[in-house]
Amino acid sequence: MRTVVITGGVGGARFIRGLQSHLGEGPIAGGAEQITAIVNVADDMWMNGLRITPDLDSIMYALAGANDEERGWGRRGETERVSAELVAYGLGHSWFTLGDLDLGTHIARTDLLRQGIPLSDVVARLCARWGLGARLLPATDSEVETHVHTTDGEVLHFQEWWVRYRATRPAERFEYRGSDVATPAPGVAQAIREADRVILAPSNPVVSVGAVLAIDGIAQALRETSARVVGISPIIGGRAVRGMADACLATIGVAAEAGSVGLHYGARLAGGLIDAWLIDTVDASALPELQRAGIAASAVPLWMTDLELSCQLAADALRA
Ligand code: FO1
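Reference entry: report on the structure contained in this document. (Residues numbered from 1 in each chain as written. Predicted model: local features only at pLDDT ≥ 70, side-chain atom pairs only at ≥ 80, totals over all residues. Heavy atoms only, no water.)

**Remarks on the packing of helix α1 (residues 10–23) against helix α2 (residues 54–64)**
Stage number 1. The N-to-C vectors of α1 and α2 enclose an angle of 35 degrees; their axes lie 9 Å apart at closest approach. In this structure, α1 meets α2 at a crossing whose hand is right-handed. Contacts between α1 and α2 involve Val10, Gly12, Ala13, Ile16, Arg17 and Gln20 from the former and Ser58, Ile59, Ala62 and Leu63 from the latter. (Axes fitted to C-alpha atoms, helices over the stretch in contact; angles between N-to-C directions. Helix = DSSP H or I, 4+ residues; strand = E, 2+ residues; numbered from the N terminus. Left-handed = near helix turned anticlockwise from the far one by under 90°. Contact = heavy atoms within 4.5 Å.)

**Quick notes on the sheet that holds strand β2 (residues 34–39)**
Stage number 1. Pairing in this open sheet of 7 strands is parallel, and the strands run β5-β2-β1-β9-β10-β13-β14 from one edge to the other. Only two strands of the sheet have a single neighbouring strand rather than two, namely β5 (135–138) and β14 (296–299). Ignoring strand direction, the axes of neighbouring strands in this sheet form an average angle of 20 degrees.
Stage number 2. Strand contacts of helix α11 (residues 258–265): β9 (197–200) and β13 (276–279), with the helix running at about 160 degrees to β13, the strand carrying the most contacts. (Pairing = 2+ DSSP bridges.)

**What to know about α1**
Stage number 1. An ideal rise of 1.5 Å per residue puts 20 Å on 14 residues; α1 measures up with 20 Å between its terminal C-alpha atoms.
Stage number 2. Along its buried surface, α1 packs onto β1 (2–7), β2, α2, β9, β10 (228–232) and α13 (307–319).
Stage number 3. After α1 finishes, the residue Gly24 shows a positive phi value of roughly 70 degrees. (Expected span 1.5 Å × (residues − 1).)

**Describing the nonpolar core**
Stage number 1. Among the nonpolar cores identified, the biggest contains 66 residues, and Ile6, Trp161, Ile192, Val198, Leu222 and Tyr265 are the most heavily contacted of them.
Stage number 2. If sequence neighbours within four positions are ignored, Val198 has contacts with Val4, Ile6, Ile192, Leu222, Ala227, Arg228, Val229 and Val230.
Stage number 3. Core analysis: the next-biggest nonpolar cluster, separate from the first, contains 41 residues, Ile16, Val39, Leu132 and Ile236 among them. (Core = buried A, V, L, I, M, F, W, Y, C linked by side-chain atoms within 4.5 Å. Buried < 20%, exposed > 50% of the residue type's maximum accessible area, 1.4 Å probe, protein only.)

**Some thoughts on the pattern of salt bridges**
Stage number 1. Under the defined criterion, the tally for this structure stands at 16 salt bridges.
Stage number 2. As a salt-bridge pair, Glu224 and Arg193 come within 2.9 Å of each other at their nearest N and O atoms. Linking Glu224 in helix α9 (residues 218–224) with Arg193 in helix α7 (residues 188–194), this pair joins segments that are 31 residues apart in sequence.
Stage number 3. Classification of Glu224 by relative accessible area gives partly exposed; the value is 45%.
Stage number 4. The class for Arg193 is partly exposed, based on a relative accessible area of 39%.
Stage number 5. One salt bridge in this structure joins Arg319 and Asp316, with 2.7 Å as the shortest N-O distance. (Salt bridge = Lys/Arg side-chain N within 4 Å of Asp/Glu carboxyl O.)

Right, dumping it as structure tokens:
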């Protein structure tokens, strides 16, 4: 079976690991099950002359078992000697640390990109080292970056808004800069169309899943695929599971509620993007309104605090 997961970084990584565990996937792949992750690139940025791609790296490191589980990003056992040197030269960023091992990835990626190799091929090359047992595709090979227009008139790259200001500066709107000319990376639309099932990971609906859907042709492929499309709420009990999805939802006028986010994606039979929507048991009161909207909703435990729970969530998603 072919499963496609549309995802951002941390939440999606946990879910995909659960999916691999449930399908008996991973490096010992039977091959009968194929997982393709279509990953957000709009968190990406140039820093110190290097192309940083946080969501792709979160998924790659997590599936490789090389990630820092506590922080949710970067490498396990990281050191920051090079970053300290950059600071000493006045070229560091107090609010964003590039670890030494992580820099190995950024240098390798930038080296390949500067040779004219498209991002999707660069991703395949970097992932080949780790033997992930899943295919990672960037949503697009173009540079698309989320910029945040704050209510006090400044425009910040998403990373600065997210990491430096922890999403505390009210955002008037999110601009997916470059999405107007971006096209899906090779294989993305085809993967969605040929999938047996598509899952929207419990990632930020605005700056992660939303930024993927902003790439021309991807939302359309979702509407047209014969696969069942199942979404997983990133909001549990009115709070974002990780990060600050609630701050992003407020900006687009969607309540930080599991039901509201499902309605925001909309039922495919009503022209929307999902057939089914998983919410946590604490949000079960939202089931009727979702079902009335044509969304097959179910309430299951959504917290993925360990692999066992992620595996169970994957099983629930495939059954939804
Ligand atoms: N997040 C932080 O909160 N602080 C950091 O210093 C930081 C550095 C960093 C470096 C590379 C990378 O790929 C990700 C990094 N992140 C950091 C996380 C990043 O902001 C998130 O992974 C996503 O972009 C937000 O979803």
